[in-house]
Amino acid sequence: MRFIKYIKAGLCASLFMAVVGCNDYLDINNNPNQVTTATPQLALPSALATTGWYLSGNVPPGSGTTANTNFYFLNLWMGYWNWSGNYSIATSDKNYQFTQGFNNSIWSSAYLNLSNYNYIENQATTLNQPILRGMAKIMKALHFHILVDTYGDVPYRSALQGTTNILPSYESGQVIYEDLFKQIDSAMVFLNNSEGTLNPGANDIMFGGDVSKWLKFGNTLKLRMLLRQSEKPERAQFIQSQLAIINASGYGFLGPRENASVNPGYSNSQNQQNPLYGAFYAINGNPTTLNNQYKGNLYGITFYQQTNDPRLNAYYRPVAGTTSQFNGTYFGTTDPLVNSQVSDIGPGVLQNVSQSSPVLQSHESLFMQSEAAQRGWIQGDPKALYQSAITESFLNVGRTAAEAATYYAQPGVADVNWEASPNKLEAIITQKWASENGTAPFEAWSDYRRLGLPATIPISQDPSTTVRQIPVRLLYPTSEYSNNATNVAAQGTINQFTSKIFWMK
């Protein structure tokens, strides 16, 4: 499949979803020869819904890929989930020795949806709709930064040029990152431009047309990308220059109860469930194959037990037939327990069929603010932000603020109680990791690659794991070596353990 082919197919898919409306938002047209048009405000909800699919780890129906998941494997690597003993897992998946065919949908699905946001931006420009233009630019920045964080150098400016460039060249991850800050700044100008403004309102299925939250989201996304670069001294000047822009904007960051999450009207109908919930439960309520495959990881279970964390009951279910027994096995174990002996994924992750799909949750924003304040980058009390982040994490999985306050007030418990933690940064990242179980494993992986925290995350126990290291990146997909061979070959020999993203030390 050539690069342009899947971009055109994705565009047609998005436009068709937008035209038919939210009740049929997953009725995708994959015939690129059938021309469909839509105004940008009608194309927006389907593009946002597809982002929800992408980040929830499940590939949208009709996306042109046979893969079922995107980021579920990171729940295995990060100590949250493991495979059930009822199923066999390929050795290459257990020992990190995967090939170019590993999870190709992360690449293809991203560029598919980038073409949708590119259409929205171009049409909004033509029709003088700056708010929609700004929204599309921020979402393009989100997807491109995830691509960089996953693969390093990727096609960027030449990637969405249609028939004018079917063999896009690669640009360095650092160059892309620096331009993404400019794109977000430009987006904020458009969001604040009232001339010719058309607010998409309910068609904005993430913030309901609330421009102030989009501005906060843009700043929060920028803060995430700055923190990625925190361990590279040569990036200090760039970081400080961007922090000055953020602080001068006055927009702030996403705060308590300000989740960036999408919901086009998920319902208990075929292909219309919340994508994460629908991957684990059929519309008749029965567990799916994935539900039977993915179970609790003993590392995660033990952490929540040892820290007296009520979120244990949100992230995992008790072993069948019990009310308080939790159990699991480590990733890569040669003797995984069967389903009747291990904990299922819990009700805080799989809440209901209509739950929203997280894009960037309030607790992640507050943990990032706590880290930035601890580093002296922004104003604010790092302890107060840390505790607020923990509280948001509890609320986002159905627990209570009172439980959170009791939890972080436990005396003498390092990485929980602020005063008891000798390393404040380690406490922040450990609690951030604890909050991302099942819903944001990509962020947990990114912090681990950046800081090596939590330091105790176990390496795969499979005896064939000769490189005892969690990979730092994925390999470029098979399609690139088949259809864009010259440009991908120019990247040299890529190794998942040693070919680092530019922001890694």
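Up top you'll find the structure we're talking about.
Every chain is numbered on its own, with residues counted from 1 as its sequence reads. Owing to the predicted nature of the model, reporting of local features is limited to residues with pLDDT of at least 70; listing and counting of side-chain atom pairs is limited to 80 or more, with chain, interface and lining totals taken over all residues. Side-chain numbers here rest on the full set of heavy atoms in the structure, without hydrogens or water.

1. Some points on helix H17 (residues 424-435)
To qualify as a helix, a DSSP run of H or I must reach at least 4 residues; to qualify as a strand, a run of E must reach at least 2; elements of each kind are numbered from the N terminus. Multiplying 1.5 Å by the residue count of a helix minus one yields the expected span of that helix. For H17, which comprises 12 residues, the first-to-last C-alpha distance of 17 Å matches the rise-based estimate of 16 Å (1.5 Å per residue) to within 8%. Each residue gets one of three labels from its accessible area relative to the maximum for its type: buried under 20%, exposed over 50%, partly exposed in between, using a 1.4 Å probe on protein chains only. Along H17, 9 of the 12 residues are buried, which leaves the element largely enclosed by surrounding structure. Looking only at H17, the buried set comprises Ala427, Ile428, Ile429, Thr430, Gln431, Lys432, Trp433, Ala434 and Ser435. The N-cap residue of H17 is Asn423: its side-chain oxygen and the backbone nitrogen of Leu425 are 3.2 Å apart. Two N or O atoms count as a polar contact when they lie within 3.5 Å, although within protein this holds only if one can serve as hydrogen donor and the other as acceptor, and sequence-adjacent residues are included solely when both atoms are side-chain atoms.

2. Notes on the packing of helix H7 (residues 173-191) against helix H8 (residues 211-228)
Their axes nearest at 10 Å, the elements H7 and H8 cross at an angle of 170°. Considering the angle they form, H7 stands roughly antiparallel to H8. Both H7 and H8 take part in a crossing whose hand is left-handed. Contact residues: H7 offers Tyr177, Leu180, Phe181, Ile184, Asp185, Met188 and Leu191, while H8 offers Val211, Trp214, Leu215, Gly218, Asn219, Leu221, Lys222, Met225, Leu226 and Arg228. A breakdown of the residues in the contact of H7 with H8 according to their chemical character gives 12 nonpolar, 2 polar and 3 charged. Axis angles are defined between N-to-C directions and span 0 to 180 degrees, where every axis is a line fitted to C-alpha atoms and, for a helix, only to the segment in contact. Any angle from 65 to 115 degrees is called roughly perpendicular, while one under 35 is roughly parallel, one over 145 is roughly antiparallel, and all others are oblique. The sense of a crossing depends on the near helix, which, turned anticlockwise from the far helix by less than a right angle, makes the crossing left-handed and, turned clockwise, makes it right-handed. Only heavy atoms matter for contacts: two residues are in contact if any of them lie within 4.5 Å across the pair. Under the scheme applied here, ten amino acids are nonpolar (Ala, Val, Leu, Ile, Met, Phe, Trp, Tyr, Cys and Pro), four are charged (Asp, Glu, Lys and Arg), and all others, including Gly, are polar.

3. Focus on the nonpolar core
The nonpolar core is taken to be a set of buried Ala, Val, Leu, Ile, Met, Phe, Trp, Tyr and Cys residues, with the residues joined through side-chain atoms within 4.5 Å. Counting 144 residues, the largest nonpolar core has Trp77, Met78, Met206, Trp214, Phe217 and Phe280 as the members making the most contacts within it. If you tally residues by element for this core, the top one is helix H6 (residues 130-151), at 13 residues. Apart from the residues lying within four places of it in its own chain, the contact partners of Phe217 are Ile138, Met139, Met206, Phe207, Leu254, Ala260, Val359 and Leu360.

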